[in-house]
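# Structural description and commentary
So you can see what is in the structure, the chains are spelled out below.
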Amino acid sequence: MALSPLSLPQADLLFDPAFLAQTEAAALLAELTADAAWEQRAIRMFGQQIPQPRLTAWYGDPDARYTYSGLRWEPRPWLPALHALRQRLETATGTRFNSVLLNLYRDGRDSMGWHADDEPELGPAPAIASLSLGATRRFRLRPRAGLAHAPLALDLPAGSLLLMRGPTQQCWQHALPKTARPVGPRLNLTFRWVAGAAPPAG
Ligand SMILES: O=C(O)CCC(=O)C(=O)O
Ligand SMILES: [Fe+2]
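For the structure given in this document, a descriptive report is provided here. (Residues numbered from 1 in each chain as written. Chains lettered and ligands numbered in written order. Predicted model: local features only at pLDDT ≥ 70, side-chain atom pairs only at ≥ 80, totals over all residues.)

## Overview of the site of ligand 1
Surveying the vicinity of ligand 1 reveals the residues Leu101, Asn103, Met112, Asp117, Ser130, Phe139, Leu156, His174, Leu176, Asn188 and Thr190. At the level of secondary structure, the elements contributing two or more residues to the shell around ligand 1 comprise β8 (99-105), β14 (172-176) and β15 (186-192). The residue makeup of the shell around ligand 1, split by class, is 5 nonpolar, 5 polar and 1 charged. (Near = placed C-beta within 6 Å. Helix = DSSP H or I, 4+ residues; strand = E, 2+ residues; numbered from the N terminus. Nonpolar A, V, L, I, M, F, W, Y, C, P; charged D, E, K, R; others polar.)

In structure tokens:
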């Protein structure tokens, strides 16, 4: 299929529900679930260390260091499957990526809270390519302060690709809420460009 625009004000979203064929998405899910260096990291919230409700792994070029939720991420060297995917995504989106964050939502209790990917390392209008594998989960977008618009819900099936660009992070937040429905594991990959500058000390 092809990427087509989703209509949302102050956002630039492109969506392809079937960027990868189902067989390929299933094979990648199995391979990355087995091979990625999964960690459950803790983030600092309200002065406490809270374990993230999902597993994560970070791969990229050596200079793609990143600070996210107060955590410092040193990229691991590209796995061959991730390197190949990066090249395909660069061709499909016309954008360069130097890193990828993998999130593994083991079941419906795993989630990601409301946030925008607006860290300074990503630049003012980052292009983020989000590829989904495994169980379909509902992705939500809501406007940030100053924008009056209804929220958006988008089911992200296996093999789908969502490209977020332009003012999306500046004007909208997104989340992957928990669900009470019985769901299998879902693996999401967000390809990003992280500026090579050294992260702040501390
Ligand atoms: O799992 C998803 O679809 C969203 C992941 C996400 O927002 C992120 O990694 O920043
Ligand atoms: Fe995000």
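Picking up after the structure, the text goes on.
## Some words on the pairing of β8
β8 sits mainly inside the fold: 7 of its 7 residues count as buried. Neither face of β8 is open: one carries Ser99, Leu101, Asn103 and Tyr105, the other Val100, Leu102 and Leu104, and all of them are buried. Judged from the 6 bridges that link them, strand β5 (residues 55-60) and β8 form a sheet pairing that is antiparallel. Paired with Thr56 across the bridge in β8 is Asn103. Of the pairings in the sheet, the one linking β8 to β15 comprises 7 bridges and is antiparallel in character. The partner of Tyr105 across the bridge, within β15, is Arg186. (Buried ≥ 20, exposed ≤ 12 C-beta atoms within 10 Å, placed from the backbone. Pairing = 2+ DSSP bridges.)

## Some points on the sheet that holds β15
Taken in spatial order, the 7 strands make up an open sheet running β1-β2-β13-β10-β15-β8-β5, and their pairing is antiparallel. Both edges of this open sheet fall to β1 (4-6) and β5, since each of them pairs with a single strand only. With strand direction ignored, the average angle separating the axes of adjacent strands in the sheet is 20°. Of the strands in this sheet, β8, β10 (128-134) and β15 touch helix α1 (residues 22-35), which is tilted by about 95° from β10. (Axes fitted to C-alpha atoms, helices over the stretch in contact; angles between N-to-C directions. Contact = placed C-beta atoms within 7 Å.)

## Some remarks on the environment of Pro126
Looking at the secondary structure, you find Pro126 in the loop between β9 (112-115) and β10. Judged by C-beta crowding, with 21 C-beta atoms within 10 Å, Pro126 ranks as buried. In sequence terms Pro126 and Ala30 are 96 residues apart; their C-alpha atoms lie 29 Å from each other. In contact with Pro126, other than residues within four places in its own chain, are Asp117, Gln169, Arg192 and Trp193.

## Some words on the pairing of β14
Here β14 shows a clear split, with Trp172, His174 and Leu176 buried on one side and none of Gln173 and Ala175 buried on the other. Sheet topology places β9 next to β14; 2 bridges connect them, and they run antiparallel. When the bridges of β14 are listed, His115 appears paired with His174. Note: strand β11 (residues 137-143) against β14, 4 bridges, orientation antiparallel. Paired with Leu141 across the two strands is His174, which belongs to β14.

Keep in mind these values describe shape, not function.
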